[in-house]
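# Inside the fold
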Amino acid sequence: MKIERNVSLKKLNTFKVDVHANTLCTLEADKDFSIEKLDKYLNNFVVLGGGSNILFSKDYDGTILLIKNKGIEIAKEDETYIWIDVASGEQWDSFVNWSIDRNLIGLHNLALIPGTVGATPIQNVGAYGIEVGDLITKVTLLDISTRKELVLKNNECDFGYRDSIFKRDLKNKVIVKRVLFKLEKFKNHIDKKYLQYSGIVEKLKGKEITPKSIQKAVIDIRNEKLPSIQEYGSCGSTFKNPEISITKYDKISKIFPNLPKYDTNRKNIVKIPAAYILEQLGWKNKRVGDVGTWVKHPLIVTNYGQATPSEILNFLKEIQRSFEESTGVSLECEINII
Ligand SMILES: Cc1cc2nc3c(=O)[nH]c(=O)nc-3n(C[C@H](O)[C@H](O)[C@H](O)COP(=O)(O)OP(=O)(O)OC[C@H]3O[C@@H](n4cnc5c(N)ncnc54)[C@H](O)[C@@H]3O)c2cc1C
């Protein structure tokens, strides 16, 4: 475990905001997930993985627990499946590559998402029709309130759309230490749920469908659409797509004709693409100083230079105000504002 004082977080958050933390405590190994070791830092703390879903609104007057434990281990396997136990500090995309190298089905749709493995259950990371909660068997945590290790099975994580128990009842109460995934071995067939997104199908035309070819299609699509976090500050999609009643949908689609809608698991509730509405409201590629929306995507708020946290926050509020004014629906932040 490493302790540093008065540390700049600029290189530790993908929004690239220049804020400082009073204390940075790096958990370098599984043995650092110990109440005895961490006790004096747990009054005022934030857990940080890759900082790709966090906006620091100001300097943080507490301890940042930076997760860096490593390890990818095969826990068990049978004819069809393989269970993999992964340390929370592993880079997510390295684990995706690990699985593709072994010809496993599942993670290809979630390729190129920045951040760590331990953060993926927090918001039930998802892309192109697949959510990580579909592939997680259990999550091992350090529970701050009971001071003990806690293991939650998949159904206890209460996964939903960009949501889980970790964003609600267990918010700031647990630290994810390891995650167990169950992936299927590829034997010439991949379930059609991985091919729901027309952009992937388009890219795969005339090609063999394998975990690797789907991953390649996803990488190509993401490189075409999303900002490079090496060049620009961003946390990907800043807002969640609203889930609304079908009656509300009928009203809004009169103002925004041809507004798409997607099924949810809930009766009479549909999901609408916020980007479709924001684009018509003029929010695509809109800039105020160094803050703006991405050239190709109005949901991706971007730091084009030296934007400050308050400039970014004001910009977010403006988008939310404009969306709510024209639809009557509030736009919920997907990112965590600290
Ligand atoms: C260009 C870009 C594209 C993106 N695309 C997608 C996408 O397609 N789909 C998607 O779902 N997300 C996407 N994201 C968002 C982000 O990458 C994911 O949410 C990712 O899982 C965050 O990982 P992280 O390690 O950076 O988490 P952080 O930003 O460090 O933390 C996120 C939250 O999780 C908590 N946390 C992190 N690690 C732990 C832990 N070990 N224990 C307890 N709490 C923890 C933090 O306290 C915080 O509340 C994108 C971001 C960017 C910049």
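Residues numbered from 1 in each chain as written. Predicted model: local features only at pLDDT ≥ 70, side-chain atom pairs only at ≥ 80, totals over all residues. Heavy atoms only, no water.

## Things to note about the side chain of Asn109
Positionally, Asn109 belongs in the loop between strand S8 (104-105) and strand S9 (126-127). Residue Asn109 is classed as buried on the basis of its relative accessible area, which comes to 0%. Reaching out from Asn109, the side chain makes a polar contact with the side chain of His108 at a distance of 2.8 Å. If we skip the residues at most four places from it in the chain, Asn109 touches Ala127, Tyr128, Ile130, Tyr194, Ile200, Ile214 and Val218. (Helix = DSSP H or I, 4+ residues; strand = E, 2+ residues; numbered from the N terminus. Buried < 20%, exposed > 50% of the residue type's maximum accessible area, 1.4 Å probe, protein only. Polar contact = N/O pair within 3.5 Å; in protein donor to acceptor, adjacent residues only side chain to side chain. Contact = heavy atoms within 4.5 Å.)

## Overview of helix H2 (residues 92-101)
Here H2 lies mainly inside the structure; seven of its ten residues are buried. Restricting attention to buried positions, one finds in H2 the residues Trp92, Asp93, Phe95, Val96, Trp98, Ser99 and Ile100. The elements touched by buried residues of H2 are strand S6 (72-77), strand S7 (81-87), S8, strand S13 (174-185) and helix H4 (211-225). Positioned one or two residues after H2, Asn103 has a phi angle of 60°, which is positive.

## Comments concerning the site of the ligand
Inspection of the region around the ligand gives 30 residues, with Val47, Gly49, Ser52, Asn53 and Thr116 positioned closest. Backbone polar atom of Gly50 to an oxygen atom of the ligand: 2.7 Å apart, as the coordinates give it. Protein coverage of the free-state accessible area of the ligand, which is 970 Å², stands at 93%. Taken together, the elements giving at least two residues each to the shell around the ligand come down to strand S3 (45-48), S9 and S13. Looking at which element gives the most residues to the shell around the ligand, the answer is S13, with three residues. Residue classes in the shell around the ligand are distributed as 15 nonpolar, 13 polar and two charged. (Near = heavy atom within 4 Å. Areas by Shrake-Rupley, 256 points an atom, 1.4 Å probe, with all protein chains shown as cover. Nonpolar A, V, L, I, M, F, W, Y, C, P; charged D, E, K, R; others polar.)

## Considering the pairing of strand S11 (residues 136-143)
With six of eight residues buried, S11 lies mostly within the body of the structure. With six bridges joining them, S11 and strand S12 (residues 148-153) adopt antiparallel strand pairing. Bridge pairing in S12 links Lys138 to Lys153. Once S11 ends, the chain turns through four residues before running back antiparallel as S12, passing Arg147 with a positive phi of about 65°. (Pairing = 2+ DSSP bridges.)

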